[in-house]
Amino acid sequence: MDIEVSKIVQGVEPSATLAMSAKAKELKAQGETVYNLSVGEPDFDTPKHICDAAVDAMRAGHTRYTAASGLPELKAAVVADYKARFGLDYASSQCVISNGAKHSIHNALFATLNPGDEAILPAPCWVSYTELIKLCGAVPKIVATQEQDSFKLTPEAFRAAITPKTRMLLLCNPSNPTGSCYTKSELVELAKIAVENGLFVVADEIYERLVYDAVPFTSFPTLFDGLQDRTIVINGVSKTYAMTGWRIGWLLAPENVAKKIASLQSQETSNPCSISQYAALAALKGDQECVAAMRAEFEKRRDYVAERIAAIPGMTAPKTGGAFYVFFNIKNFLGRKYNGVQVDTDKDWCLELLQQKKVATVMGSAFSAPGYARASFAASMDTLKTAFDRIEEFVKE
Ligand code: PMP
Ligand code: GLU
């Protein structure tokens, strides 16, 4: 007898970013040299003082359950960091530490959305948002943004997407996959519309420390008084401290929501890994020079990749203001043959680029934006150089 899977999981798609990365790794295991610009993961090692803190934690016997919602010292450090950098006052009870920011997003959505609720999602949007919203029985209301607006949600498009069923706006700033960053005044416009319409906002700010051109980052709940009560902020250590494998993320939410999420987590997963939590504590409390150094390196790569794309006739991309992605328009390169293989869609293009040139990217359609592709520049300069040489060759052929 086949076990029938539930109706709710039947519709869940696998993560396309992780799937592309797995494909690249598969080719590599077959002995191919692959230039992997697919997954969004810093190529740097986790800084040594953070790894040392994990070893110390193990040796000190911090190998047992912690509070289900996270180590009190780590929650205190997160809250202190938000006070120091953004002037925001949160109680530790408003912070829940989870198994990565992806888990925090799941918790935030699961604790707030009812079946049938609509959540507004500006697209291009990160692959997991749509599926996580659907898992709650809620409806992702995907709102297309335009390349000429740097893929940012406009107040007009936001207003037009609101219906009586709308409960939430999910905003990723800086954006994965587009790298676009909202200015303070743009955010204020969106926040006002959310307030006028009684919506709450999930603000995924996981890339907030990776912003370029000395443009300051504005955290959503700082925009005006009262907004903190209707915002759930998502953040974590994966991107800022090159700690993707450690699985530590968190959310900051109004007290009633955070408390319910803590209960949910206590039933579902208990605490995230105790050792990783001590490592995250060292990351937050330690010298921040490592963040500055990685950010500076990402900025150099951002400039390099922008130059390479600008030099390819017919290829365009808005400037990346933050995160480590470039989202480029490949519409001019579709509907042709590449070495005899017909390439009609962004998916075909990315798969043939991988097959023929061994360069892994992710198709725009995975981010609800067909006709584009995403490249992560969290890869060494050498990898980027060869990858873009090959992309250039590919589109010329
Ligand atoms: N939000 C965004 C926008 C991301 O790109 C990622 C990357 N996976 C996450 C959340 C989740 O990060 P984590 O590794 O902490 O789960
Ligand atoms: N967020 C990264 C990406 O978009 C990591 C992969 C994932 O979690 O989907 O590539």
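Refer to the structure above for everything that follows.
In this text the structure is predicted, and so the values were computed from the model without any measurement.

Novice: Looking at this structure, how should I read the side chain of R302?
Specialist: Within the secondary structure, R302 is located in helix α11 (residues 289-310). Setting aside its immediate chain neighbours within four residues, R302 contacts Y212, D213, K319, T320 and F377.

Novice: Would you mind showing me how to read helix α5 (residues 101-110) here?
Specialist: In an α-helix, one turn spans 3.6 residues; hence positions three or four apart end up facing the same way. For α5, a buried count of eight out of ten residues is recorded, marking the element as mostly surrounded by other parts of the structure. A101, H103, S104, I105, H106, N107, A108 and L109 are the residues of α5 that are buried.

Novice: For this particular structure, what's the right way to read the site of ligand 2?
Specialist: If you check the shell around ligand 2, you find S15, T17, L18, V39, G40, K102, W126, N176, Y207, K239, Y325 and R374 and nothing else. For ligand 2, an oxygen atom lies 3.3 Å from a polar atom in the side chain of S15. In the environment of ligand 2, an oxygen atom lies 2.6 Å from a nitrogen or oxygen atom belonging to the side chain of T17. The protein chains hide 90% of the 280 Å² of surface that ligand 2 would expose on its own. Residue composition of the shell around ligand 2, by class: five nonpolar, four polar and three charged.

Novice: Looking at this structure, I do not really get the sheet that holds strand β14 (residues 372-376). What am I missing?
Specialist: Across a sheet, paired strands are connected by hydrogen bonds in the backbone, their directions being either parallel or antiparallel. Reading across the sheet, the three strands line up as β9-β14-β13 and stay open at both edges, with antiparallel pairing between neighbours. Taken across any chain shown, the strands that pair with only one partner, and hence form the sheet edges, are β9 (325-329) and β13 (362-363). Where β9 lies against β14, five bridges are found, and the strand directions are antiparallel. Bridging from a neighbouring strand, Y325 pairs with S376 of β14.

Procedures and definitions
- In this numbering scheme, every chain counts its residues from 1 along its sequence in written order.
- Written order decides the labels, with chains lettered from A and ligands numbered from 1.
- Since the coordinates come from a predicted model, pLDDT governs what is reported: local features require at least 70, and pairs of side-chain atoms require 80 or more to be given and counted, while whole-chain, interface and lining totals use all residues.
- Hydrogens and water molecules were not included; the side-chain quantities draw on all heavy atoms of the structure.
- Here a strand is any run of E in DSSP of at least two residues, a helix any run of H or I of at least four, and the numbering for each starts at the N terminus.
- The contact criterion used is simple: two residues touch if any of their non-hydrogen atoms lie within 4.5 Å.
- Accessibility here uses a 1.4 Å probe with only protein chains present; expressed as a share of the type maximum, an area under 20% marks a residue as buried, one over 50% as exposed, and anything in between as partly exposed.
- We call a residue near a molecule or strand whenever a single non-hydrogen atom of that residue lies within 4 Å of it.
- Here a polar contact is taken to be a pair of N or O atoms separated by no more than 3.5 Å, where protein atoms must pair a possible hydrogen donor with a possible acceptor and residues adjacent in sequence count only if both atoms sit in side chains.
- Reported accessibility uses the Shrake-Rupley method at a 1.4 Å probe radius. Residues are deemed covered only where the shown protein chains occlude them.
- In this classification, the charged set is Asp, Glu, Lys and Arg, the nonpolar set is Ala, Val, Leu, Ile, Met, Phe, Trp, Tyr, Cys and Pro, and all remaining amino acids, among them Gly, are polar.
- One bridge is not enough; two strands pair if DSSP finds at least two bridges between them.

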